[in-house]
Structure formats: C-alpha cells, structure tokens
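Below are the chains, spelled out letter by letter.
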Amino acid sequence: MSPTPQDSAVELNGGEPQPIRGDEGATILGPHNRPLQLANPDLLVPPDTDSGTLPNLKYSFDAAHNRLLSGGWAREVTVRELPVATELAGVNMRLKPGGVRELHWHKEAEWAYMIAGRARITAVDAEGRSFIDDVGVGDLWYFPAGIPHSLQGLEEGCEFLLVFDDGGFSENETFLLTDWFRRTPRDVLAKNFGVPEAAFAEIPIDVDRDRYIFPAPLPPALDEDRVPSPAGAVPETFSHRMLAQEPIRVAGGNARVTDSSNFPVSKTIAAARVEVEPGGLRELHWHPNTDEWQYYLSGRGRMTVFASSGKARTFDYQAGDVGYVPFAMGHYVENTGDEPLCFLEMFRSDRFADISLNQWLALTPPELVRAHLNLDPQTIAALSKDKPLIVR
Ligand code: MN
Ligand code: MN
C-alpha cells in the first residue's frame, strides 16, 4: 500500500502530525486543527525543496458558502475565495429531480462537467436557433457569453461543475428571467408581448422569492420537449460527450483532452480529464498559453508549483478541491493515495497546450543538456521524445 498524505506526516512524527522534518521544526504547543493538518501534510511539513513565497493555490468547495434553495443548492469558488484565480471561476451545483436552474444569461461563457445524474439543458442563440439536449455523467456543455439557457435535473437529479471564463464571475449576479419581469412596468410587458396587463398577474413579484433554483415537474421525453425553430438548430452543438472520447492511454493512467478542435463551440475554455494511477505522476510540465484551474474529482494528490526565482510551494488536494497554476509556472501532480486520482484541468483558451520537460530535453542536443545538468549518457538516452503525460 502506498503511503497517503496522512501517513507521511503521521509516520514521520510518531502518530501525531507535527511540523518536524529531521532536525528542523518542533512540536506544536498551541491550538491546532487536526483534520486540516491531515489534509495538508505538505503545508505542515513542506518538502525541503519548497522555498519562497507563493500565493495560495488551493481552495475547497467544502470551505465555500452554500446557497440552499427549494430545488437544490449552489456554491462557488471565485477570485473572492481564491484571489490568484483571476482567469476562471467555478460553481458546484446540485439540482433535485425536476429542479430547475432558472432561465438566465450572463456576461461570461459557461463550461460544465456533469459529475452525477442527468440534466435537460436548453438554449437559444442570437439568430433564433434552438438547442436542447440531455446530459449525463462525463458530458460537457458550453454556452457562449450572453446566450440564454436553462438546466433541469431529470429523474435522478444531478450535480455538476460549472466553469466561467472570468475569475470575477458570481453565480448570484446572473441575469434572471423573473428578475427582469418584475423590474419592468406591467404596461410595458403588456405592450411588448401584445397581451393585456392582467396576463402578468401571477408572475412572482416577491423580491425575496427568487426562482433561481426551484422545483418543477419533470419534463417529458427529449423529443416531445423540443421546440422547433424556423431558423433551425444551433450550427455548433452546445454539448459534448467527453467520457465517450477514446482516452490517451499511457503508462501511469489516461487522459482525455477536449477543446475547440473536437468541441468547436468551446472557444474560450479548453479542458483535460486526467486519471493518475496510484504511484503515478502527471509529469513535470507547464502550459505556454494560460493559467490552469483544476477540480479534483476523486483520490488524493499533491502538486508542487515552481514559480521561477528560486520559489516553489507544495499543496495537497483531495476530492472537491480547486487547484490553480498561474501562467507558465512548472508543476507536476502526484497520486499520493491508494485509489486512482482523477481531476480536471481547465484553461481560458481555445486549445489545450502543454510543454513536457521530458520531451523538451529529449529533443535538445544531448551535450547541451549534459552541460546544464551533468547527467550521464544513459539518463539522457532514456529521455522520451514522445510526451509521457503520466508516468509511474
Ligand atoms: Mn449559466
Ligand atoms: Mn498542468
């Protein structure tokens, strides 16, 4: 059995996590929070390669304020919770069976990954073309900025992750259908829709009674629910079956990459779903185009982020955590548990791109590499000209 993060701290210090590494450190005498220590062993006892000051690169959805509603709940990790995360923000949302995320729109594009259950999603674009689909576990959707849409839990309800292409996004500040109706004079509504004012007598007017996430009857079968548009359907589908993609299988696990090359409408968010086997490592790499926003689906892992200028810091992650890597900083993600480590990497970009340290060195003249690192010829010969992605 490979050591878990808890074990590494506990074993090191005789049963209790203590900030001691060899001759350095000392026991904690004051107040402390044992569950937090166990979840963050590399903060309590950092590897001695850690150095210098980095911003916080971890936040758990379980440390985020939750908004409870009759149809489900929603919580968010944005730049307010994780200040370094300026490029992307995330929302974790649950819809009960029939539960509706109210018809709405927002200034940011919305990318999503279905974690559990199924949902019916709808949208209409600026040319009046319609979209409707049912999405299940491992499916994605993407709504471009400003496009109106809705989500509804099907028979089993659902839970999903939403990612927005602006760290300042807030789920509590979207443009809601009922909000607009109650902020518009009744005579204007009557004129706009060509019906008597009395037609609007029953719309919800209590400002404290947001629809937002509310219960509704289950929708009929997908084909019965479809509203044909004279303009046709949207030309690029807003949904994608990520888990149906054949994964890239490598020695230490597998990965699926989804960006605008295989999900054309997803022009501002690229993603990878990575599974690292116990003992495996998402190899040392960086991204040449943008920051990385991570969401941990299962297992345990740790990541060291190298920030140049002699700076590096290690963080531990588990299911429900958000991780972040600022633009161009080097990093790895190591499975430190006994189960597969599964996480999502998201980027504010039309394409997924990473630079493999291993491949870079393999494709550089060997004498030049040797002059830097004093590596022996066998080590240089073992470098991989193909990108390893995940090793073990
Ligand atoms: Mn939305
Ligand atoms: Mn990465």
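This is a predicted model, so every value here is computed, not measured. (Residues numbered from 1 in each chain as written. Chains lettered and ligands numbered in written order. Predicted model: local features only at pLDDT ≥ 70, side-chain atom pairs only at ≥ 80, totals over all residues. Heavy atoms only, no water.)

(A) Focus on the sheet that holds strand 3 (residues 58-60). Taken in spatial order, the seven strands make up an open sheet running 3-22-19-24-17-16-15, and their pairing is antiparallel. The strands lining the two open edges of the sheet, one partner per strand, are strand 3 and strand 15 (248-250). Strand-to-strand twist in this sheet, taken as the mean axis angle between neighbours without regard to direction, amounts to 20 degrees. In this structure, strand 17 (residues 270-276) lies alongside strand 24 (residues 341-347), joined through seven bridges in antiparallel fashion. Its bridge partner lying in strand 24, Val274 is registered against Phe343. (Pairing = 2+ DSSP bridges. Helix = DSSP H or I, 4+ residues; strand = E, 2+ residues; numbered from the N terminus. Axes fitted to C-alpha atoms, helices over the stretch in contact; angles between N-to-C directions.)

(B) Quick look at the coordination of the manganese ion (ligand 2). For the manganese ion (ligand 2), the full set of protein donor atoms is His285 (NE2), His287 (NE2), Glu292 (OE) and His331 (NE2), and the range of their distances to it is 2.1 to 2.2 Å. When the donor residues of the manganese ion (ligand 2) are listed from N- to C-terminus, their spacing reads H-x1-H-x4-E-x38-H. In this pair, His285 is assigned in strand 18 (residues 281-286) and His331 in strand 23 (residues 330-335), connecting sequence segments 46 residues apart. Residue His285 is classed as buried on the basis of its relative accessible area, which comes to 2%. (Donors = N, O, S within 2.8 Å, 3.2 Å for Na, K, Ca; no water. Buried < 20%, exposed > 50% of the residue type's maximum accessible area, 1.4 Å probe, protein only.)

(C) Layout of the domain arrangement of the protein chain. Splitting the protein chain by domain gives domain 1 (5-36), domain 2 (62-240) and domain 3 (245-391). Centre-to-centre separation of domain 2 and domain 3, based on C-alpha positions: 32 Å. Tallying the contact residues gives 27 residues for domain 2 and 24 residues for domain 3. Around 2200 Å² of area is buried between domain 2 and domain 3 when both sides are counted, 69% of it from carbon and sulfur atoms. Linking domain 2 with domain 3 are two salt bridges. One salt bridge connects Glu87 with Arg348, and the closest N-O pair in it is separated by 3.7 Å. For the pair domain 2 and domain 3, the interface holds eleven residue pairs in polar contact (both at pLDDT 80 or more). Elements with a minimum of two residues in the side of domain 2 that touches domain 3: strand 6 (89-95), strand 8 (110-124), strand 10 (139-143), strand 11 (149-164) and strand 14 (239-241). Here the residues of the side of domain 2 that touches domain 3 are counted per class, giving 18 nonpolar, five polar and four charged. (Domains from an automatic or database assignment. Contact = heavy atoms within 4.5 Å. Buried area = accessible area lost by both parts, 1.4 Å probe. Salt bridge = Lys/Arg side-chain N within 4 Å of Asp/Glu carboxyl O. Polar contact = N/O pair within 3.5 Å; in protein donor to acceptor, adjacent residues only side chain to side chain. Nonpolar A, V, L, I, M, F, W, Y, C, P; charged D, E, K, R; others polar.)

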